[in-house]
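Spelled out, the chains give:
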Amino acid sequence: MNNLKYIALLILVGSQTLFSQSLFEQSQEGNNQNLPVHEYTLTIKEEMVNKAGKEVKGMTINGTIPGPTLEFTEGEYAVIYVKNEMSVETSVHWHGLILPNFFDGVPYLTTPPIQPGETFKYEFPLKQSGTYWYHSHTMLQEQSGVFGSIIINPKGKTLEYDQDLVLLLSDWTNEKPMNVLRNLKRGNEWYGMKKGTSTPLNKVIARGAFGAQLDFWRQRMEGADIADIYYPAFLVNGQQQAEYPNFKAGEKVRLRIINGAASTQFWMTFGGDMPTLVAADGLNVEPVQKNKTFIAIAETYDFIITIPQNGKIEFRAMAQDGSGTATAFIGNGKVLPAEVVSKPNKIKMMQKMAKMDMKMGAHALKFQPKKDERFKMKREYGMKMDKMSEKNSSVDEAGMNDEKKKMNMPKDSKMENDTKKMEHFDMNEMQMDRMDMFSEYNYDYLKSHEKTTYKKDIPVKEILLNLTGNMNRYIWSMNGVPLSETDKIKINHKEVTRITLNNLTMMHHPMHLHGHFFRVLNKNGEYSPLKHTVNVPPMQKVTIEFYGNEYGDWFFHCHILYHMMGGMARVISYDTPRDIRLKESPVSQLIHETNQWYSWGMLDAASHMTEFNFTTSNIRNQFNIMAEYGWNQNIEAEVTYEYYLHDYLRIFGGVNLENELEDSLDEISTTAVAGIRYLTPYLFNLDVRIDNKLRPRISLSREILIFPRTAIFGSYEYQADFGWVDTLPAGNNFAKEVTWNTGIEYFLSRDFSLMASYDSRFGAGGGLSIRL
């Protein structure tokens, strides 16, 4: 009986703790200080829109894309009603705003989703000023148009200027965003072909980069990558080219520039006089004159420009991969053109990277996701600058020792010394190449007005997050573990949390932490800037740190929308009880968004045979259906299930069906099969299996893009039969079967190709490939 009383007491205390925590959280909400209230209503609808020459279904806010600019004054109390008039649930996240956890707007994690037909009331005090934005955090809705800008004016004037102009950058696709992600998951190269950024073999060889290409293939990489998706239009305030003539000569205009794109980073340039950068991510910084500026996804930058006496300033935002541009013209008269940034040379990038001591291909999907291997991963992959420094140091010491001994120098020592000096020169050249390649992406130009350091007696917790990805399956993660397989990162509010973001991929990752500003450690030391989003360049490290008394769980993720959906996200947790208002919103729903099933298929209809392939897959599991039929009456079909042990290795089992006699369907054999499939270095697909007749089989296949829209492919298959189950013909103790094919494919569009092939079973022919 005493034990039962003790248990009941524990339950009562626990429930009271949970209730008091909920009361604490809710006490931080509401207009307790009677602040002036500023209200807005946002209505989200599905409507037909035309942003790139084609009417498609988009998602609008109050009838427009982007949504309206919400303008407030610091110290006000924001009340925003969001009406969902769509057929699907939605949400709104207030990007960069410091607010109560419950209103942060991540569905199922901090805030309930807004169901169809419902209205949700967001309310919070405005404790900051600056340029911010808002967007849906539900699936891929941001790509469809659910985003807009926020201006919060300071209580008192902090900068000298006359007018504001918001320039909200975005990218637009006429495809359904889920189809875009499905296309990325299947590994289709069409987007690179369409925008002319692919690196086919003929271009690689013509520029003397075949050795670099082999190095990439060896590490299971097709080549240097910058952006994944083809966009027919890049927009500024919803237009490909915007005009703002209503400014007077001599006026100082504050350009509030926001990158609200789903998957595009931009190079910004300005015509006319040099603009002055005055704020980053909403916070004022030491003014600096700067023209060419990189803006990562979800960042904001404020510039002050002066309208010229005669002429209009061109603002250019070029997509990082050079595939398109959005422009705005500010003022009247003759155009003062902005600098045209050169398109990146991906083949030259490959050559530079191949010269460096780096190892690519870090796993996005580990064999043991619960095992802590982050430091091992950091040592094994990425730029090996530490080794280079050690080698330089040893060369320097050898050089000094040689100087001391040169009076007694043996005959061959001079040659040896020259060799060491040459090695030293080569290492320095590698370091210069590395610095040159990424120097434009650092944040050294940002300096805070005030010191941003924390008290030295506060303990520091160090966290290493390796940013990892797999382009072949389009899985993105941290430390080789996608969101669906990881635990929360526990935060102690009494500690400074210092996170090293170590990018082991070939892509930039703009990392955003909800509900916080963090220090981005740069050359300005104590005056390092505060930001809410930080870009981490390929094969580079960025260190951030933050300290504060927060509560609840906060989302931390790559703001390339498709990378977040691919698993590059974490939950930062202060380990406080969950808000009871979320009891009907399980966080598993958010996790599920990053581990959905995607399905695709392909049909080859040719003069000599027909082949059908169908795949449905999530992060670890995959089902495959394959059927081939030759007009010469040869047939093979197979159904398999496979499980990914890690990125490159999976085990599988299934059923295979094929005709026993060549060119005859009279006898059909059905066998069970099991084996492994492995993506080898140099990107060969290896299949090793055995069937229930104990016949081993091995096959290799490969496809290579040789011209901008032309690929060659081939496969080789060898099966042995030792008569362990079926009796072989008299006098034979071994039988073999060899099949092979080779072919060529020309891509007409995302969904259609012309193909021609020869198959040892079906003969030669050609036809049409249809991607489903």
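Computed from a prediction, not measured in an experiment: that's the story for all the values here.

Chemist: Lay out the overall build of the protein in plain terms, naming residues and giving numbers.
Modeler: If you tally the helices and strands in the protein, you get 12 helices and 45 strands. Restricting to contacts in the protein with at least 6 residues of sequence separation, those with at least 24 account for 68%. Carbon and sulfur atoms make up 54% of the accessible area of the protein, which amounts to about 34,000 Å² in all.

Chemist: Any details on the confidence of the model for the protein? Residues and values, ideally.
Modeler: On average, residues of the protein carry a pLDDT of 89, and 89% of them reach 70 or more. Long-range and interchain partners of residues 419–427, a stretch whose pLDDT sits below 50, account for 10 contacts in this model, where long-range means more than four residues apart.

Chemist: Break down the pattern of salt bridges for me, citing the residues and quoting the values.
Modeler: Evaluated as defined, the whole model comprises 40 salt bridges. Salt-bridge contacts for aspartate 372 lead to arginine 374; the nearest nitrogen and oxygen are separated by 2.9 Å. Under the relative-accessibility criterion, arginine 374 is labelled partly exposed at 22%. Its salt-bridge partner being lysine 488, residue aspartate 553 comes within 2.6 Å of it at the nearest N-O pair. Residue aspartate 553 is found in strand β32 (residues 553–558), and its partner lysine 488 is found in the loop between β24 (475–478) and β25 (489–490); the two are separated by 65 residues along the sequence. For aspartate 553, a relative accessible area of 10% puts it in the buried group. By relative accessible area, which is 40% here, lysine 488 ends up partly exposed. A single network of salt bridges, built from pairs that share partners, joins Glu628, Glu636, Arg697, Glu717, Asp759 and Arg761.

Chemist: Could you give an account of the packing of aromatic side chains, naming the residues involved and the relevant values?
Modeler: Throughout the structure, instances matching the rule amount to 25 aromatic pairs. The interplanar angle of 75° and the centroid separation of 5.2 Å between the aromatic rings of phenylalanine 102 and phenylalanine 103 together place this pair among those described as edge-to-face. Take phenylalanine 102: its relative accessible area is 8%, and that puts it in the buried class. What makes phenylalanine 103 buried here is its relative accessible area of 4%.

Chemist: So what about the nonpolar core? Which residues, and what values?
Modeler: If you look at the biggest cluster of nonpolar residues, it comprises 102 residues, and the most contacted ones within it are Ile257, Tyr301, Leu501, Met511 and Tyr562. Ranked by residue count, the leading element in this core is strand β9 (residues 163–172), at six residues. If near-sequence neighbours (up to four positions away) are discounted, tyrosine 562 is found in contact with Leu140, Gln143, Pro177, Val180, Leu181, Leu184, Ile229, Tyr231, Ser263, Tyr474 and Trp476. Residues Leu70, Phe120, Leu126 and Ile152 belong to the second largest nonpolar core, which totals 28 residues.

Chemist: Before we move on, could you go through empty space enclosed by the protein and cite the residues and values that matter?
Modeler: Evaluation of the coordinates by the stated rule reveals eight cavities of 30 Å³ or more. Its boundaries defined by the atoms lining it, the second largest cavity holds a volume of some 80 Å³. Lining the second largest cavity we find Ile226, Ala227, Ser263, Thr264, Gln265, Gln320, Asp321, Met507, His508 and Ile560. Among the residues forming the lining of the second largest cavity, the class breakdown is four nonpolar, five polar and one charged.

Chemist: Tell me what's going on with unusual backbone geometry, and back it up with residues and numbers.
Modeler: The residue after isoleucine 65, namely proline 66, is reached through a cis peptide bond having omega 0°. Even without a glycine there, the phi angle at alanine 298 is positive, about 80°. As for its placement among the helices and strands, alanine 298 is situated in the loop between β16 (293–295) and β17 (300–306). Residue classification places alanine 298 among the buried residues on the basis of a relative accessible area of 0%. Look at tyrosine 474: it is not a glycine, yet its phi comes out positive at around 55°. Here tyrosine 474 lies in the loop between β23 (460–470) and β24.

Chemist: Could you give an account of the pairing of strand β30 (residues 533–536), naming the residues involved and the relevant values?
Modeler: Sheet faces and side chains relate simply in a regular strand, where the side chains alternate between the two faces. Burial along β30 is two-sided: Thr533 and Asn535 facing one way and Val534 and Val536 facing the other are all buried. For strand β27 (residues 509–513) and β30, the ladder comprises four bridges, and the chain directions are antiparallel. When the bridges of β30 are listed, histidine 512 appears paired with threonine 533.

Chemist: Tell me about the sheet that holds strand β29 (residues 530–531), residues and numbers included.
Modeler: Reading across from one edge, β24-β23-β26-β31-β28-β29 is the order of the six strands in this open sheet, with mixed pairing throughout. Each having just a single partner strand, β24 and β29 make up the two edges of the open sheet. Bridge count between strand β28 (residues 518–520) and β29: two bridges; the pairing is antiparallel. Residue phenylalanine 518 lies in a different strand from β29, and its bridge partner there is lysine 531.

Chemist: Tell me about a negative patch on the surface, and please be specific about residues and values.
Modeler: Taken together, the side chains of Glu660, Glu662, Asp666, Glu667 and Glu737 make up a negatively charged region of the molecular surface. Along the polypeptide, glutamate 667 turns up in the loop between β38 (649–659) and β39 (668–679).

Chemist: Lay out the packing of helix α6 (residues 210–218) against helix α7 (residues 346–355) with the relevant residues and their values.
Modeler: Relative orientation of the contacting elements α6 and α7 amounts to 70°, with a least axis distance of 9 Å. Classified by the interaxial angle, the pair formed by α6 and α7 is roughly perpendicular. In this structure, the crossing between α6 and α7 has a hand that is left-handed. Here Ala212, Gln213, Asp215 and Phe216 of α6 come into contact with α7, specifically with Met350, Gln351, Met353 and Ala354. In terms of residue class, the contact of α6 with α7 is made up of five nonpolar, two polar and one charged.

Chemist: Which residues make up the layout of surface pockets, and what are the values?
Modeler: The calculated volume of the second largest pocket comes to roughly 650 Å³. For the second largest pocket, the lining is made up of 28 residues, of which Asn659, Glu660, Arg695, Gln719 and Glu737 are closest to its centre. Elements supplying a minimum of two residues to the lining of the second largest pocket: β37 (634–646), β38, β42 (710–721) and β43 (735–747). In terms of residue count, the dominant contributor to the lining of the second largest pocket is β43 (five residues). A breakdown of the residues in the lining of the second largest pocket according to their chemical character gives eight nonpolar, seven polar and 13 charged.

Chemist: Can you lay out the pairing of strand β33 (residues 569–573) for me, pointing to particular residues and giving the numbers?
Modeler: Extensive coverage of β33 is indicated by the burial of five of its five residues. Because side chains alternate across β33, one face comprises the buried residues Ala569, Val571 and Ser573, and the other comprises Arg570 and Ile572, equally buried. By the bridge criterion, five bridges tie β32 to β33 in an arrangement that is antiparallel. When the sheet's bridge partners are listed, tryptophan 554 is paired in β33 with isoleucine 572.

Chemist: Can you break down the environment of isoleucine 491 residue by residue, with the values?
Modeler: Note on placement: isoleucine 491 falls in the loop between β25 and β26 (496–503). For isoleucine 491, a relative accessible area of 7% puts it in the buried group. Sequence-wise, isoleucine 491 and aspartate 575 are 84 residues apart; in three dimensions their C-alpha atoms are separated by 7.2 Å. Apart from residues no more than four positions distant in its own chain, isoleucine 491 is found in contact with Ile463, Thr497, Phe546, Ile572, Ser573 and Tyr574.

What counts and what doesn't
Position numbers for residues count from 1 along each chain, tracking the sequence in the order it is written. With pLDDT at 70 or above as the cut-off, local features in this predicted model cover only qualifying residues; side-chain atom pairs require 80 or more to be listed or tallied, and sums for whole chains, interfaces and linings still use all residues. Side-chain numbers come from the whole structure's heavy atoms, not from hydrogens or water. In this description a helix means any DSSP run of H or I spanning at least four residues, a strand means any run of E spanning at least two, and both kinds are numbered starting from the N terminus. Residue contacts follow a heavy-atom distance rule, with two residues in contact if any of their heavy atoms lie within 4.5 Å. Note on areas: Shrake-Rupley, 1.4 Å probe, and residue coverage restricted to the protein chains presented here. pLDDT measures the predictor's confidence residue by residue and takes values from 0 up to 100. By convention in these notes, a salt bridge is any Lys or Arg side-chain nitrogen within 4 Å of a carboxyl oxygen on Asp or Glu. Using a 1.4 Å probe on the protein chains alone, a residue whose accessible area is under 20% of its type maximum counts as buried, one over 50% counts as exposed, and one in between counts as partly exposed. Stacked, tilted and edge-to-face are the three classes applied to pairs of Phe, Tyr and Trp rings, where Trp contributes its six-membered ring and a pair requires centres within 6.5 Å; stacked means planes under 30 degrees apart, edge-to-face means over 60, and tilted covers the rest. Among the buried residues, those of types Ala, Val, Leu, Ile, Met, Phe, Trp, Tyr and Cys that are joined through side-chain atoms within 4.5 Å form a nonpolar core. Within this scheme a cavity is a closed region of a 1 Å grid, computed over the protein atoms alone, that accommodates a 1.4 Å probe without allowing it to escape, whereas a pocket is open but has protein on both sides within 12 Å along at least five of seven lines; lining residues each have an atom within 4 Å of a point. Grid points are joined across faces, edges and corners, and a volume is the space filled by probe spheres set on the points. For this classification, the nonpolar set comprises Ala, Val, Leu, Ile, Met, Phe, Trp, Tyr, Cys and Pro, the charged set comprises Asp, Glu, Lys and Arg, and every other residue, Gly included, is treated as polar. For two strands to pair, DSSP has to find at least two bridges joining them. Patch criteria: residues need more than 30% relative accessible area and no salt bridge. Like-charged residues are merged within 9 Å; nonpolar side chains of Val, Leu, Ile, Met, Phe, Trp and Tyr are merged within 5 Å. In this tally Asp and Glu are treated as negative and Lys and Arg as positive; neither His nor the chain ends contributes. Working definition for charges: the position is that of NZ of Lys, CZ of Arg, CG of Asp or CD of Glu. What counts as an axis is a line fitted to C-alpha atoms, over the stretch in contact for a helix, and the angles between N-to-C directions run from 0 to 180 degrees. An angle counts as roughly parallel when it lies under 35 degrees, as roughly antiparallel when it exceeds 145, as roughly perpendicular when it falls between 65 and 115, and as oblique in every other case. The handedness criterion is simple: a crossing whose near helix is rotated anticlockwise from the far helix by less than a right angle is left-handed, and one whose near helix is rotated clockwise is right-handed.

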